[in-house]
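Each chain is listed here by its residues.
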Amino acid sequence: MAEYSPVADIKRDHILKLIGKGVRPDGRRLDEQRPLDVETGIISSAEGSARVRLGNTQVLVGIKMSVGEPFADTPDRGVLTTNAELIPMASETFETGPPGEEAIEIARVVDRAIREGQAIDLKALCLEPGKAVWILFVDIHVLDYDGNLFDAATIGALAALMTTKVPAKQFERGEDFKLPLLHQPVACTAVKIDGSVLVDPTFDEESIAAARLTVATVETGHLCAMQKGHGGSFRFEEVLHIVEVARKMGEQIRSRLAQEAS
Amino acid sequence: METDLKLIDENGRRLDGRRPDELRPLRIEAGVLRRADGSAYVEWGLNKIYAAVYGPRECHPRHLQNPQRALVQCRYNMASFSVGDRKRPGPDRRSQEISKIISEALEHVVFTEFFPRTSIDVYIEVVEANAGTRCAGLTAASVALADAGVPMKGLVASCAAGKVANTVVLDLTKEEDNFGQADIPFGLVPRTGEIVLLQMDGDLSIEEFTQGVEMATRACHQIHELQKEALRRRYGVAAGEQLAAGPEEAA
Amino acid sequence: MSETAPARPAARELVLPGEALEAKGLRPGAGVFSDGRQLYASVLGIRSVRNNALHIVPLVGRYIPVPGDEVIGKIIDVMSSSWLVDIHSPYPAPLHTDEVPWRVEFGETHKFMQVGDAILCRVASVDEVKRVRVTMQDYGLRKLQGGLLVEIPHSKVPRVIGKNGSMIGLLKTGTQCRIIVGQNGRIWLDGELDHVLLAVQAIRLIEAEAHRLGLTEKVKALLAAGPAPTPR
């Protein structure tokens, strides 16, 4: 794992002073998200793709599909696998090598949001029960790291899935068709710093946060995934606050993605 | 590999309509990433490649430190979704070889003796691939190094030539690489004419090889102009725009 | 200075690594190399002539320590009789207990400075293999408490300071803040929060437009507009 690089106390104290006034170093309110930019269909070698810019954080998500055997306990469903690469290009705090615990956690949380949120109609990806199903890989590639990979990656994954074409022709399984989707899970992450809750943290804010919470919701307003991170703790009121922000933000992002994918 | 595809037609045009000595559409952008000290993005035909530079910085692992010069450590990597059949993440032997030859090409132009005991880390990520990725990667890395302020003798431009249907051609696509007869990845310092990257595989006569290198050399000079334009655009400057060198000289 | 004035002889074009330079009678300075016949730029920057030597003022790049430079460092490690200081350059610098203004017993270093502390120090020496030592034993050098640290590329420092300190003077009077500029591109600011934020805005403006003409007017305008009210 990368070495801990301390944000100088001076920076930390400054951030705390600002938070006390309800504002952040980049001028945002505590519950405000950074500017979000989503582009889809940019990698033609992938069946689906999206590039997400959330403030200075930049993430690329690619979807690859192939035909393979289903899992023994779900013989009539397609297989979903999620992987995240925190490549050294994205930050001096990332090292080369196989995914470390940070990359694994991000992949698993994004996977949870997509799977539990039932984004994909996995039953519709069955070709021959017990023998052949569609295998779907979600690969998250972090290009530039300024905090909040959970949200950038989940938004990227959903946007990529929304524009994915199943390559049936290539595998001699008929004509290509749009990936069948059911729901639209969107994640929203917040951190707790000195008793205040900040939504969509930057790298500096994450470095001094005591605790982090990611909440994924679907369009019905229900929760589908959650993950708490870092050593600190949340009070329940804080959790509910984040859930409410997540719900609202989820709605906004879903309508953005609907525009982009059309 | 055999194919029924007409790699070169009766009019001398290739599958994508290009003439034998024509480059694919190429676009270069400098300074595309915020965290890295320097960066560049290249779209070359269907290739899409990022390059990022960190450094000079403390050399890790420490036992590789050189007391007299900086190390140039390049890591070339292909994203799993960059190719038709998904590639398993992580370096394979091909990526390791390419990383090595690109490091060596760049080492030649960087003034490494100015930064003893440090490492200049260059990362090349191929997010979409269609042949010629090592050349596009080296081209991008060179721009990223300039964008990071690393002192160099000059930029490096890189392009491959090859042979397809018994004709020497420039800048092969994936199909041409698969069904062609030879491939010559080539990298040059346009200012001096020094060749810093050269590989070859396939079957070529010496005349054909010479033809290929001449084509690639001319292409590298074209590419060099695009690299320079990208850096000028990044610094918001049109060629010829006058700037202030320092406080003594401007209001 | 008016932006419509004709291009003055002092203004220059951007040069790129490997570009040939016109240099009649000039010696090669920083950022310039010779192949025996011709001078070339080695870094991306702007031509500048000083003392009959041709330099390139780099627009980007890491700070290379120069003896005598006042720099702002961050403590990154604490040992029994020294600290390790990050001065935003390729080389971290050791700071020994005999180079600080206090009497520090062996093993007591952590009582005086800890990891994350910011200090104003001076580059004492740089040897042939670029090993750097810093000192805090000089008038004005000290630990920096409170305030805010901002980082800019060190190549923009001269612009933030200005001719004879004119730009930094503008910033100080326009924001009523205490401002210390390290040669390594780190800037410490202290004052009322709103004014500190205004000063940071001004510094970011200088960073973005450092090499364009008419910068001073833009900074004056920004400072005259005053601090933006903090949202509630």
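For the structure itself, consult the block above.
Values in this document were obtained by computation on a predicted structure and should not be read as measured data.

### A few points about the sheet that holds strand 14 (residues 148–151) of chain C
All names here are of chain C. One open sheet holds the 3 strands; their spatial order is 14-16-15, and the pairing between them is antiparallel. The open sheet has two free edges, formed respectively by strand 14 and strand 15 (178–181), since each of these has just one partner strand. Direction aside, neighbouring strands of the sheet carry axes that sit 20° apart on average. Its contacts with the sheet place helix 4 (residues 193–209) against strand 14, strand 15 and strand 16 (186–190), and it is angled at close to 155° to strand 16.

### Looking at the pairing of strand 2 (residues 38–44) of chain B
Residues and elements named next belong to chain B. Of all 7 residues making up strand 2, 6 are buried, and the element is well covered by its neighbours. Across 5 bridges, the pairing between strand 1 (residues 26–30) and strand 2 is antiparallel. Counterpart to Arg27 in the pairing with strand 2 is Glu43. Where strand 2 folds back on strand 3 (residues 47–58), the antiparallel hairpin that results is connected by 2 residues, among which Gly45 adopts a positive phi of roughly 60°.

### Section: helix 5 (residues 215–225) of chain C
Residues and elements named next belong to chain C. By the burial criterion, the buried members of helix 5 are Leu215, Val219 and Leu223. Seen from one end, helix 5 has its buried residues packed into an arc of 65°, which puts them on one side. Residues Ala221, Ala224 and Ala225 are exposed on helix 5 and point more than 90 degrees away from its buried face. Lining the buried residues of helix 5 we find helix 3 (166–175) and helix 4. Two residues or fewer past helix 5, Gly226 is found with a positive phi of approximately 80°.

### Structural notes on the sheet that holds strand 5 (residues 39–41) of chain C
Residue and element names in this part refer to chain C. As summarised here, the arrangement of the 3 strands in space is 2-5-4, forming an open sheet in which the pairing is antiparallel. Strands at the two margins of the open sheet, each flanked by one partner only, are strand 2 (20–21) and strand 4 (32–34). Two elements, strand 4 and strand 5, share 3 bridges in a ladder whose sense is antiparallel. In the sheet register, Phe33 faces strand 5, and the bridge partner there is Tyr40.

### Thoughts on the environment of Ala124 of chain A
For Ala124 of chain A, the position within the fold is in the loop between helix 2 (101–116) and strand 5 (126–128). Separated by 47 residues in sequence, Ala124 of chain A and Arg77 of chain A place their C-alpha atoms 7.3 Å apart.

### Concerning unusual backbone geometry
Along the chain, Gly55 of chain B connects to Pro56 of chain B via a cis peptide bond; the corresponding omega equals 0°. By the element assignment, Pro56 of chain B lies in strand 3. Notably, Gln176 of chain C is not glycine yet its phi reads approximately 55°, a positive angle. On the secondary structure map, Gln176 of chain C appears in the loop between helix 3 and strand 15.

### Comments concerning the packing of helix 3 of chain C against helix 5 of chain C
Residues and elements named next belong to chain C. Relative orientation of the contacting elements helix 3 and helix 5 amounts to 10°, with a least axis distance of 10 Å. Between helix 3 and helix 5, the crossing angle belongs to the class labelled roughly parallel. Residues Met167, Leu170, Gly174 and Thr175 of helix 3 lie in contact with helix 5, whose contacting residues are Thr216, Val219, Lys220 and Leu223.

### Looking at helix 4 (residues 206–234) of chain B
With 29 residues, helix 4 of chain B ought to run about 42 Å at 1.5 Å a step, and its terminal C-alpha atoms sit 41 Å apart, in line with that. Positive backbone phi, approximately 65°, marks Gly236 of chain B, located one or two places after helix 4 of chain B.

### Quick notes on the packing of helix 2 of chain A against helix 3 (residues 149–162) of chain A
The geometry of a pair of packed helices is captured by two quantities: the angle between their axes and the separation between those axes. All names here are of chain A. Across the interface, helix 2 lies against helix 3 with an axial gap of 10 Å and an inter-helix angle of 45°. The angle between the axes of helix 2 and helix 3 places the two elements in the oblique class. Between helix 2 and helix 3 lies a crossing whose hand is right-handed. Mapping the contact onto sequence places Ile106, Val109, Val110, Ala113 and Ile114 in helix 2 and Leu149, Phe150, Ala153, Thr154 and Ala157 in helix 3. Residue composition of the contact of helix 2 with helix 3, by class: 9 nonpolar, 1 polar and no charged.

Thresholds applied
- Residues numbered from 1 in each chain as written.
- Chains lettered and ligands numbered in written order.
- Predicted model: local features only at pLDDT ≥ 70, side-chain atom pairs only at ≥ 80, totals over all residues.
- Pairing = 2+ DSSP bridges.
- Helix = DSSP H or I, 4+ residues; strand = E, 2+ residues; numbered from the N terminus.
- Axes fitted to C-alpha atoms, helices over the stretch in contact; angles between N-to-C directions.
- Contact = placed C-beta atoms within 7 Å.
- Buried ≥ 20, exposed ≤ 12 C-beta atoms within 10 Å, placed from the backbone.
- Arc of directions from axis to C-beta.
- Parallel < 35°, antiparallel > 145°, perpendicular 65-115°, else oblique.
- Expected span 1.5 Å × (residues − 1).
- Left-handed = near helix turned anticlockwise from the far one by under 90°.
- Nonpolar A, V, L, I, M, F, W, Y, C, P; charged D, E, K, R; others polar.

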